[in-house]
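For reference, the chains in residue letters:
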Amino acid sequence: MILTPKIFARLVAIVVLGVLFQLSFFSQVWVFGVSPDLLPVLVISLGLLGGTMTGAVTGFSVGFLLACLLVEPLGGASLVLLATGYLAGLFRERFEIHSSLVPPLLCMGLTVFAELGFGAVELMLGIDTAISGLVVRDILLKGVYAFLLGWPLYLGLRRLLRPALVEEQVVRRTRRPTVLGA
Amino acid sequence: MYRKQVRRRRAVLALLIVGSFVLLTITYGQGSNGVQRGVSAIFSPIQAVADGALKPARDLVNWFDQTFDARGRNSRLQDELRTAREEAVGAGAALAENAQLRKLLELDRSGAIPSGYEPVTGRVIARSPTVWFSDVTIDAGSGDGIRVDDPVVNGDGLVGTVSAVTGGSAQVTLIADHSSAVSAKVVPVAVQGVIRPNVGDPSDLILDFIDSTKHVHKGQAVVTAGWRSQEIESRFPPNIPIGEVTRASIVVQEASQQVHVRPYADLRDLDLVQVLAGGSRG
């Protein structure tokens with residue numbers, strides 16, 4: 001990703017608006033008893049567009065802002081989203097994205113990874129109470145919602161950050177040579 | 001050039017990972033810190049505006065979810081209504097008796113009935129996105145007289161406690177959060193225990209550590225115990241409704257001293273809550 005001041009400002013705006021939208025909207029709506037989680041999808045999409053560093057830094061920033069606004073312990077969400085963004089970026093750097101299904105599928109898989117990561121951090125810090133089996137349903141449904149959200153979000157972000165994307169430079173289509181006598 | 005770039009990338013990544021661990025170590029188990037208070041103070045007004053603007057859209061999405069849910073609830077609620085009607089007649093007499101008994105025992109003078117609490121109404125403006133944390137942010141804070149550990153209720157019953165405050169907002173840790181524990185009692189049998197969450201299922205709480213010799217039955221109400229000793233007292237005033245017993249197997253009660261409780265308050269769908277501010281706590 002070619003990072004100019006304008007692109008940096010856009011990234012900051014995307015992170016801030018994403019966190020606010022999550023807290024004020026997605027966290028408070030329930031679809032089949034589970035609220036969608038936009039933030040891993042946002043971080044994964046940015047990782048897929050910008051690579052490992054973009055994914056890791058935006059993941060850390062999103063987690064940090066989230067923990068600040070919810071007055072939760074700092075660092076836990078940052079660590080999980082950092083890893084999620086890094087993995088998405090690693091995929092982008094190692095493989096070509098040939099199909100339009102790849103970003104939403106990756107969003108689904110890595111969102112499940114992120115939700116498991118949130119759980120792992122909490123378990124590591126100590127949960128001294130019962131854990132319902134519904135946690136599994138919650139994680140799986142969040143993965144499905146990530147698939148549905150990932151598609152439009154990835155396309156929207158790609159459009160928004162197009163000037164900064166290395167492989168998105170406009171390739172001038174050359175005119176097909178005219179074959180005389182054909 | 002390329003190797004230098006790779007080295008720089010690795011350094012940034014290592015810095016972020018170490019930074020995360022350091023932040024986690026420093027801030028875990030503490031309330032709000034200066035950074036969080038500052039960020040929260042900046043974003044609280046924006047969140048309040050965003051919350052108000054997005055409410056119609058939220059209500060629309062939740063309407064679909066609630067419609068599906070309502071189909072299942074309808075028959076159960078009809079049964080409950082029938083039972084409630086039968087009980088309502090008896091409850092009127094019980095209320096009158098209760099008032100007389102309170103007068104007799106002079107509970108007001110002993111301080112068991114909460115006095116001096118000032119309810120502060122707040123609207124939920126943000127909610128944690130993960131299932132592991134059950135906390136919400138409300139648009140009232142220390143400027144409104146709210147302090148850490150103040151109990152929070154809504155029209156149905158107990159919701160949680162204030163776990164951190166800033167000038168214009170407060171974080172409420174719900175009773176479904178893994179860190180929550182509320183001393184409670186079952187009425188009318190007066191069996192005491194501790195309400196613990198069942199992480200991942202906000203409609204199911206566990207009343208733990210109950211006296212296994214006294215049996216609790218399905219449908220009985222659970223309220224805050226509100227104990228007090230000479231030096232300390234519970235952060236919750238007594239007799240705030242928490243929920244009703246939904247599963248109370250005798251075998252489970254005797255083996256693990258637990259019963260399951262459904263909270264009266266819908267912890268997933270909180271909008272307006274009241275913080276009981278100004279109470280005296282030891």
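Small disclaimer: the values here were computed from a predicted structure and weren't measured. (Residues numbered from 1 in each chain as written. Chains lettered and ligands numbered in written order. Predicted model: local features only at pLDDT ≥ 70, side-chain atom pairs only at ≥ 80, totals over all residues.)

Asker: Just to check I follow, could you spell out the overall build of chain A for this structure?
Answerer: In terms of regular secondary structure, chain A is built from 6 helices and 1 strand. For chain A, the N- to C-terminal ordering of α and β elements is α-α-α-α-α-β-α. Oriented by its inertia axes, the alpha-carbon framework of chain A measures out at about 80 × 35 × 30 Å. In chain A, which comprises 182 residues, the share counted as buried stands at 53%. For chain A, long-range pairs separated by at least 24 residues make up 75% of all intrachain contacts whose partners lie at least 6 apart in sequence. (Helix = DSSP H or I, 4+ residues; strand = E, 2+ residues; numbered from the N terminus. Buried ≥ 20, exposed ≤ 12 C-beta atoms within 10 Å, placed from the backbone. Contact = placed C-beta atoms within 7 Å.)

Asker: What is the right way to read the overall build of chain B from this model?
Answerer: The helix and strand tally for chain B stands at 4 helices and 12 strands. Split into buried and exposed, the 282 residues of chain B put 36% on the buried side. A separation threshold of at least 6 residues defines the contact pool for chain B, and within that pool the share at least 24 residues apart is 60%.

Asker: It is not clear to me how the packing of helix H2 (residues 38-50) of chain A against helix H4 (residues 76-94) of chain A should be interpreted in this structure. Could you clarify?
Answerer: In helix packing, the relevant descriptors are the interaxial angle and the interaxial distance, both defined with respect to the helix axes. Residue and element names in this part refer to chain A. For the pair H2 and H4, the least separation of the axes is 7 Å and the interaxial angle reads 35°. In the crossing of H2 with H4, the sense of the turn from one axis to the other is right-handed. For the pair H2 and H4, the contacting residues are Leu39, Pro40, Val43, Ile44, Leu46, Gly47, Leu48 and Gly50 in the first and Leu81, Thr84, Gly85, Tyr86, Ala88, Gly89, Phe91 and Arg92 in the second. (Axes fitted to C-alpha atoms, helices over the stretch in contact; angles between N-to-C directions. Left-handed = near helix turned anticlockwise from the far one by under 90°.)

Asker: How should the interface of chain B and chain A be read in this particular structure?
Answerer: For an interface, size is often stated in terms of accessible area lost upon the parts coming together. Between chain B and chain A, the contact holds 50 residues from the first and 45 residues from the second. Where the side of chain B that touches chain A is concerned, the elements lending two or more residues are helix H1 (2-27), helix H2 (34-105), strand S1 (118-127), strand S2 (135-138) and strand S7 (191-199) of chain B. Tallying contributions element by element places H2(B) first for the side of chain B that touches chain A, with 15 residues. Partitioned by chemical class, the residues of the side of chain B that touches chain A number 26 nonpolar, 14 polar and 10 charged. In this structure, strand S1 (residues 130-131) of chain A lies alongside S7(B), joined through 2 bridges in parallel fashion. Note that in S7(B) the partner of Ile131(A) across the bridge is Val199(B). (Nonpolar A, V, L, I, M, F, W, Y, C, P; charged D, E, K, R; others polar. Pairing = 2+ DSSP bridges.)

Asker: Just to check I follow, could you spell out unusual backbone geometry for this structure?
Answerer: Glycine aside, a negative phi is what most residues show, and trans is what most peptide bonds show. All names here are of chain B. With an omega of 10°, the peptide bond running from valine 187 to proline 188 counts as cis. Mapped onto the secondary structure, proline 188 falls in the loop between strand S6 (182-187) and S7. The phi dihedral of aspartate 149 is positive, around 80°, even though this residue is not glycine. Considering the arrangement of structural elements, one finds aspartate 149 in the loop between S2 and strand S3 (151-153).

Asker: Teacher, can you tell me more about the confidence of the model for chain B here?
Answerer: Keep in mind that low pLDDT regions are not for reading the predicted coordinates in detail. All names here are of chain B. Summary statistics for chain B give a mean pLDDT of 80 and a share of 86% for residues scoring 70 or more. Low pLDDT (under 50) marks residues 106-113, which in the prediction has 7 contacts with non-local residues, meaning those over four places away or in another chain. Across the assembled chains, the prediction reports ipTM 0.74 with pTM 0.72. (pLDDT = per-residue confidence, 0-100.)

Asker: Can you walk me through helix H5 (residues 102-125) of chain A in this structure?
Answerer: Two residues of an α-helix separated by three or four positions point the same way, owing to the 3.6 residues in each turn. Residues and elements named next belong to chain A. With 24 residues, H5 extends 34 Å from end C-alpha to end C-alpha; this agrees with the ideal 34 Å at 1.5 Å per step. Every buried residue of H5 is accounted for by Pro103, Pro104, Leu106, Cys107, Met108, Leu110, Thr111, Ala114, Glu115, Gly117, Phe118 and Gly119. On its buried face, H5 is in contact with H2, H4 and helix H6 (134-160). Just past H5, the residue glycine 126 takes up positive phi, approximately 105°. (Expected span 1.5 Å × (residues − 1).)

Asker: Help me out: how do you make sense of H2(A) in this one?
Answerer: Residue and element names in this part refer to chain A. For H2, with 13 residues, the first-to-last C-alpha span of 18 Å sits near the 18 Å given by 1.5 Å per residue. Summarising burial for H2: 13 of the 13 residues are buried, a large majority. One or two residues past the end of H2 sits glycine 51, with phi positive at roughly 100°.

Asker: Looking at this structure, I do not really get the confidence of the model for chain A. What am I missing?
Answerer: Residues of chain A with pLDDT of at least 70 account for 91%, and the chain-wide mean is 87. Within chain A, the element-level pLDDT minimum falls on S1(A), averaging 76, and the maximum on H2(A), averaging 94.

Asker: What is the right way to look at the pairing of strand S8 (residues 205-208) of chain B in this model?
Answerer: The two faces of a sheet get side chains in turn, since along a regular strand they alternate between them. All names here are of chain B. For S7 and S8, the ladder comprises 4 bridges, and the chain directions are antiparallel. For proline 197, the partnering residue across the bridge sits in S8 and is leucine 205. As consecutive antiparallel partners, S7 and S8 are separated by 5 residues, and within that stretch glycine 200 has a phi angle of approximately 100°, a positive value. Here S8 runs beside strand S11 (residues 259-263); their pairing, made up of 3 bridges, is antiparallel. When the bridges of S11 are listed, leucine 205 appears paired with valine 261.

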